[in-house]
Amino acid sequence: MNKAFSNLTNFFQHVIDEQLQIGQLHDESNLVSTMLDMINKPTKLSSFKITSDHLIPMMSDVVLAGVNAGTVTMIWIMIELTRHPKVMKKLQEEIRTTLGSNKERITEEDVQKVEYLNLVIKETFRLHPPSPLLLSRETMSDIEIQGYHIPKNTHIKINTYTIGRDPKCWTNPDEFNPERFSNTSINYKGQHYELLPFGAGRRSCPGMNLGITILELGLLNILYFFDWSLPNGMNIEDIDMEEDEDSNVTKTLELVPTLL
Ligand code: HEM
């Protein structure tokens, strides 16, 4: 682990050095450039000041906390779409109709235009939250929950995986059915405790908006330009639906793209 972190730190330092060499500050589309720019800007005494010590930890947050959860969610979405061809067809038709034909590139402006994609994302988060136990919490005082006494300083895990499949919260909870979200205001922003893929409260995910944008942009691209099928000889029943044993669940899936 030390070796892996040391390699990662060297890599981040290399990216920073490269950016410093290019010397093009004020580029808002580039995170490293933006942070370097903030280091040089004067700040009010009372506000948070970014220094060069913050750079590598912040880059590592973005890569470690940000890349895996989005990647795993995208893989689970593709798995569920492959297992449910009618949903895949409906989604691709809606994407292609909404965005129009002959598009050369999907851009951020296209994100959030496709309502059904949002339902598919919510339904996948419900069944496959990428951080099923969230971050641990610790009780600050003795509390009583449903007759159970929980002492001060107890570590608590919130099991969003089980909540997402709880029949008290969801009708036919094991069924993948994005339409269940069509007439409800339930979203993943931390106010609805039955769906908490980004957690809730002060320690909820600060990268939610970026995570959702990356997810939508990636999915729009792969679903607009390509049709997807399982490799020859593989059937829907052969898809492994087990989560890997990991608190930050990982997953793989092999699919064959066909360019439209
Ligand atoms: C689909 C994408 C993502 C999902 C599902 C996700 C999910 C989560 C969850 C469940 C937590 C724990 C929240 C809690 O315990 O209440 C968390 C924390 C965190 N996430 Fe994300 N995340 C995503 C993307 C990102 C991105 C893109 C970034 C950064 C660019 C990011 C940065 C972080 C950080 C720094 C924390 C720790 C916050 C703290 O300790 O206070 N995440 N995320």
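Here the residue index of a chain counts from 1 through its sequence in written order. Given that the model is predicted, a residue must reach a pLDDT of at least 70 before its local features are reported, and side-chain atom pairs must reach 80 or more before they are shown or counted; all residues, however, enter totals for whole chains, interfaces and linings.

## Quick look at the overall build of the protein chain
Phase 1 of the analysis: Assigned secondary structure in the protein chain consists of 7 helices and 6 strands.
Phase 2 of the analysis: Elements are defined by DSSP. Helices are runs of H or I of four residues or more, strands are runs of E of two residues or more, and each kind is numbered from the N terminus. Along the protein chain, helices (α) and strands (β) appear in the sequence α-α-α-α-α-β-β-β-β-α-α-β-β when read from the amino end.
Phase 3 of the analysis: When the backbone C-alpha atoms are referred to their principal axes, the protein chain occupies close to 60 × 55 × 40 Å.
Phase 4 of the analysis: A burial count over the protein chain gives 18% of its 260 residues as buried.
Phase 5 of the analysis: Long-range contacts, defined as pairs at least 24 residues apart, comprise 66% of the intrachain contacts of the protein chain with a sequence gap of at least 6. Three classes are used. A residue is buried when 20 or more other C-beta atoms lie within 10 Å of its own, exposed when 12 or fewer do, and partly exposed in between, with C-beta atoms placed from the backbone. Contact criterion: two residues are in contact if their C-beta atoms, reconstructed from the backbone, are within 7 Å.

## Description of the UniProt feature "binding site: heme" (unreviewed entry) in the protein chain
Phase 1 of the analysis: The positions that UniProt labels "binding site: heme" (unreviewed entry) are, in the present scheme, Cys205.
Phase 2 of the analysis: Position of cysteine 205 among the secondary structure elements: in the loop between helix H6 (160-164) and helix H7 (208-225).
Phase 3 of the analysis: By the C-beta count within 10 Å, which is 22 here, cysteine 205 ends up buried.
Phase 4 of the analysis: Other than its neighbours up to four places away in sequence, cysteine 205 contacts Phe198, Gly199 and Gly211. UniProt positions are given in the numbering used here, feature names are shortened, and annotations may be inferred rather than shown by experiment.

## What about the site of the ligand?
Phase 1 of the analysis: Using a C-beta atom placed from the backbone, a residue is scored as near a molecule or strand whenever that atom is within 6 Å of it. The environment of the ligand is made up of 23 residues, and the closest members are Gly66, Gly199, Cys205, Gly207 and Gly211.
Phase 2 of the analysis: Taken together, the elements giving at least two residues each to the shell around the ligand come down to helix H3 (52-83) and H7.
Phase 3 of the analysis: Looking at the shell around the ligand element by element, the count peaks at 7 residues for H3.

## With respect to helix H1 (residues 2-22)
Phase 1 of the analysis: The span one expects for a helix is its residue count, reduced by one, times 1.5 Å. For H1, spanning 21 residues, the distance from its first C-alpha to its last is 30 Å, which sits close to the expected 30 Å at 1.5 Å a residue.
Phase 2 of the analysis: Counting buried positions along H1 gives 0 out of 21 residues, so the element sits mostly on the surface.
Phase 3 of the analysis: Looking one or two residues past H1, glycine 23 carries a phi angle of roughly 70 degrees, positive in sign.

## Thoughts on unusual backbone geometry
Working note: non-glycine residues mostly have negative phi, and peptide bonds are mostly trans.
Phase 1 of the analysis: Look at glutamine 112: it is not a glycine, yet its phi comes out positive at around 75 degrees.
Phase 2 of the analysis: Along the chain, the position of glutamine 112 falls in the loop between helix H4 (85-99) and helix H5 (115-127).
Phase 3 of the analysis: You will see that leucine 134, though not glycine, has its phi angle at about 50 degrees, which is positive.
Phase 4 of the analysis: Following the sequence through the fold, leucine 134 ends up in the loop between H5 and strand E1 (137-138).
Phase 5 of the analysis: Since 22 C-beta atoms lie within 10 Å of it, leucine 134 is described here as buried.

## So, the packing of H1 against H3
Phase 1 of the analysis: Angular values range over 0 to 180 degrees, each being the angle between N-to-C directions of two axes fitted as lines to C-alpha atoms, with helices fitted over their stretch in contact. Interhelical geometry of H1 versus H3 gives an angle of 110 degrees and a closest axis separation of 10 Å. Relative to H3, H1 is oriented roughly perpendicular. Considering how the two elements wind past one another, H1 and H3 form a crossing that is right-handed. Residues Leu8, Thr9, Phe12, Gln13 and Ile16 of H1 touch H3, and the partners they reach there are Leu55, Ile56, Met59 and Ser60. Put simply, angles under 35 degrees are roughly parallel, angles over 145 are roughly antiparallel, angles from 65 to 115 are roughly perpendicular, and the rest are oblique. Note on convention: near helix rotated counterclockwise from far helix by under a right angle means a left-handed crossing. Clockwise means right-handed.

## What about the environment of isoleucine 77?
Phase 1 of the analysis: As for its placement among the helices and strands, isoleucine 77 is situated in helix H3.
Phase 2 of the analysis: Those residues in contact with isoleucine 77 that lie beyond four places of it in its chain are Val120, Ile121, Thr124 and Leu219.

## Concerning the nonpolar core
Phase 1 of the analysis: One finds Ile77, Leu91, Ile95, Leu117, Val120, Ile121 and Leu219 to be the most contacted residues of the largest nonpolar core, which totals 27 residues.
Phase 2 of the analysis: Among the elements of the structure, H3, H4, H5 and H7 are those that each provide at least two residues to this core.
Phase 3 of the analysis: Take this core: its biggest share by element is 7 residues, from H3.
Phase 4 of the analysis: Not counting the four nearest positions on each side in its chain, isoleucine 95 is found in contact with Val114, Leu117, Leu220, Leu223 and Tyr224. Joining buried Ala, Val, Leu, Ile, Met, Phe, Trp, Tyr and Cys residues through C-beta atoms within 7 Å gives a set, and that set is a nonpolar core.

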